[in-house]
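# Analysis of the macromolecular model
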Amino acid sequence: MKRKYLIVLILLLVPIGGYIGWSYYKIEQEAKKKADYKVNFVMEPSHVRETGYIFDLRVTRDLIEHEKKILWWIKVPSTNKIYACSWESGFPEYKKDEGVILIHIPGGTDSINWYGYIIGLHGSHKGKRTLVWALDVDDLYYD
């Protein structure tokens, strides 16, 4: 009797484990494509350039959409504002407390395009560019 349950359990776990392994492989392949994309920096007249640091970050992997999602919260000390920046393409390896330049549309603006850029400031990340969707956290909570 126990042997039957073990066989059924194995028959369920093998396909599930295979799917999860295949999904992680697909996710990393797609993430590599996004990371290898060369971001052409275009500063629009409505963009502002501010120096800040990575206040926090979250990395998730969506097994259904086969997508790696990265969200950085960037704090700009001169304005005491925090921006939520989601990874669209380009360099993905910024770490917590790392100094960056954030180029973005200012908060409180009625816009449908919230794209911006993160540019690394130090070490091997200096000059690395990332295309992000950057939103002022205050706009997310007070609209």
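The coordinates are above.
What counts, and where the lines are drawn
- Residues numbered from 1 in each chain as written.
- Predicted model: local features only at pLDDT ≥ 70, side-chain atom pairs only at ≥ 80, totals over all residues.
- Heavy atoms only, no water.
- Helix = DSSP H or I, 4+ residues; strand = E, 2+ residues; numbered from the N terminus.
- Rg over C-alpha atoms; globule rule 2.2 N^0.38 Å.
- Buried < 20%, exposed > 50% of the residue type's maximum accessible area, 1.4 Å probe, protein only.
- Lys, Arg positive; Asp, Glu negative; His and termini not counted.
- Charge placed at Lys NZ, Arg CZ, Asp CG, Glu CD.
- Pairing = 2+ DSSP bridges.
- Axes fitted to C-alpha atoms, helices over the stretch in contact; angles between N-to-C directions.
- Core = buried A, V, L, I, M, F, W, Y, C linked by side-chain atoms within 4.5 Å.
- Contact = heavy atoms within 4.5 Å.

## Some details on the overall build of the protein chain
Tallying secondary structure elements over the protein chain gives two helices and six strands in all. Starting at the N terminus and walking to the C terminus, you meet the elements of the protein chain as α-β-β-β-β-β-β-α. The globule rule puts the C-alpha radius of gyration for 143 residues at 15 Å, and the 20 Å found for the protein chain is more than 25% above it. Referenced to the eigenvectors of the C-alpha coordinate spread, the extents of the protein chain come out at roughly 70 × 35 × 30 Å. Out of the 143 residues in the protein chain, the part that is buried amounts to 34%. Distance between charge centres in the protein chain, computed from 20 positive and 18 negative side chains, equals 11 Å.

## Things to note about the sheet that holds strand β4 (residues 99-104)
Ordered in space as β1-β2-β3-β6-β5-β4, the six strands form a closed barrel in which the pairing is antiparallel. Each strand axis lies, on average, 45 degrees off the axis of its neighbour in the sheet, ignoring direction. Bridge analysis of strand β1 (residues 48-62) against β4 gives six bridges, and the strand direction is antiparallel. The residue of β4 that forms the bridge with G52 is V100.

## Regarding the nonpolar core
W72, I74, C85, Y94, L102 and I118 are the most contacted members of the largest nonpolar core, which has 16 residues in total. For this core, the secondary structure elements donating two or more residues are β2 (67-76), β3 (81-90), β4 and β6 (129-136). A total of four residues in this core trace back to one element, the largest contributor, which is β2. Here C85 is in contact with I70, L71, W72, I74, L102, I118, V132, W133 and A134, once residues within four sequence places are set aside. Counting five residues, the second-largest nonpolar core is a separate cluster that includes V39, I101, I103 and Y117.

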